[in-house]
Structure formats: structure tokens, C-alpha cells
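# Inside the fold
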Amino acid sequence: QVQLVESGGGLVQPGGSLRLSCAASGFTFSSYAMSWYRQAPGKERELVADITRSGGIKKYKDSVKGRFTISRDNDKNTLYLQMNSLKPEDTAVYYCNAPIYYDMNYWGKGTLVTVSS
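Let me sum up the structure you'll find in this document. (Residues numbered from 1 in each chain as written. Predicted model: local features only at pLDDT ≥ 70, side-chain atom pairs only at ≥ 80, totals over all residues. Heavy atoms only, no water.)

## What about unusual backbone geometry?
Going by this rule: Put simply, DSSP H or I for four residues or longer makes a helix, DSSP E for two residues or longer makes a strand, and each gets a number counted from the N terminus. Exposure categories follow from relative accessible area, calculated using a 1.4 Å probe and restricted to protein chains: below 20% of the type maximum is buried, above 50% is exposed, and the middle band is partly exposed.
Despite not being glycine, N77 has its phi angle at roughly 50 degrees, a positive value. Assignment of secondary structure puts N77 in the loop between β7 (68-73) and β8 (78-83). Residues other than glycine seldom take positive phi values, yet S85 does so here, at roughly 50 degrees. Checked against the element boundaries, S85 lands in the loop between β8 and β9 (92-97). Look at S85 and you get partly exposed, because its relative accessible area is 39%.

## Description of the sheet that holds strand β5 (residues 46-51)
Stated precisely, the cut-off is as follows: In short, DSSP must find at least two bridges between two strands for them to pair. Angular values range over 0 to 180 degrees, each being the angle between N-to-C directions of two axes fitted as lines to C-alpha atoms, with helices fitted over their stretch in contact.
Read from one edge of the open sheet, six strands run β2-β10-β9-β4-β5-β6, paired in mixed fashion. Across the chains shown, the open sheet's two edge strands, defined by having one partner strand only, are β2 (10-12) and β6 (58-60). Across the sheet, the mean angle from the axis of one strand to that of its neighbour is 20 degrees, orientation sign disregarded. Pairing of strand β4 (residues 34-39) with β5 involves five bridges; the strand directions are antiparallel. Bridging from a neighbouring strand, M34 pairs with I51 of β5.

## So, the nonpolar core
What counts is decided by this rule: Buried Ala, Val, Leu, Ile, Met, Phe, Trp, Tyr and Cys residues form a nonpolar core when they are joined through side-chain atoms within 4.5 Å. Contacts are assigned to residue pairs with any non-hydrogen atoms lying within 4.5 Å of each other.
Counting 29 residues, the largest nonpolar core has W36, F68, L79, L81, M83 and Y94 as the members making the most contacts within it. For this core, the secondary-structure elements that each account for two or more residues are β3 (18-25), β4, β5, β7, β8, β9 and β10 (111-115). No other element matches the four residues that β3 contributes to this core. For F68, the contacting residues outside a window of four places in its chain are R38, V48, Y60, L81, Q82, M83, N84, L86, D90 and Y94.

## Description of the side chain of R38
Under the convention used in this document: Nitrogen and oxygen atoms within 3.5 Å of one another constitute a polar contact, given that in protein one can donate a hydrogen and the other can accept it, and given that sequence-neighbouring residues count only through two side-chain atoms.
Among the secondary structure elements, R38 is positioned in strand β4. Within polar-contact distance, the side chain of R38 engages the side chain of D90 at 3.0 Å. Polar side-chain contacts of R38 include one of 2.9 Å to the side chain of Y94.

## Re the state of the cysteines
Put simply, the rule is: Pairs of cysteine sulfur atoms within 2.5 Å are what we label disulfides.
A complete count under the given rule lists one disulfide for this structure. One disulfide in the model links C22 with C96; its S-S distance is 1.8 Å. On the sign convention where negative means left-handed, the S-S torsion of about 65 degrees between C22 and C96 marks this disulfide as right-handed. Of this pair, C22 sits in strand β3 while C96 sits in strand β9, placing them 74 residues apart in sequence. We note that C22, like C96, is buried.

None of the figures reported here should be taken as evidence of function without further support.
Given below as C-alpha cells:
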């Protein structure tokens, strides 16, 4: 019954911002590290950012470091990704997941981020 529901994507101009949300249910959210991934057209899924269980450690893909911020609210079972200074190469479907569930069929539908002028 694990469910991951991403939201917040949309069309934005280069340099713009978006805030993505991931509503998690069906597991003890606070017990798991969480990650954001993205998949661009024709490309493999890639890891964008990680956050530890209590949010104390955050890691980012080099190309988004300084522009994206991952965070979580364990009381709301929600993961966030604040994306600033967006670039066309950020265009992708963004997914959240717990790394431990990566190879399981718990992936949500993702939320599409399109950065274009």
C-alpha cells in the first residue's frame, strides 16, 4: 500500500522556480531516507537529491547544487524539492522515492517539469 504522489510541476521559463511536493503514505515515512529522481525524454532516470531520515544531511547532483533544495516534513509525510534558477536541461519528469524501494513497483506517476521560453 505504499503510495507516492508527486505534484507541483508545470511549465516555467528559464530562470524561474517551482516547488515540488511528494505525498507519501503506506509506510513509516520518518524511518526512511528519501530522494528525488528525474527522467528526461530518452534518458535514464537519474538521482537529483537525497535527504536523510531527519533531514540532517542533504546531497545533490552536481548540476543542481546551489539551485535546488530538498526538504521534508515528517509530520506531514511530505517530501519537497524547491527548484530555483531553472534551466532547460532540468526538463524532466520528477519522481520521489525511498532508495530502499527503488527496485520495487512503488513509483508514482511523477510530475512533469518543463523549462522553456
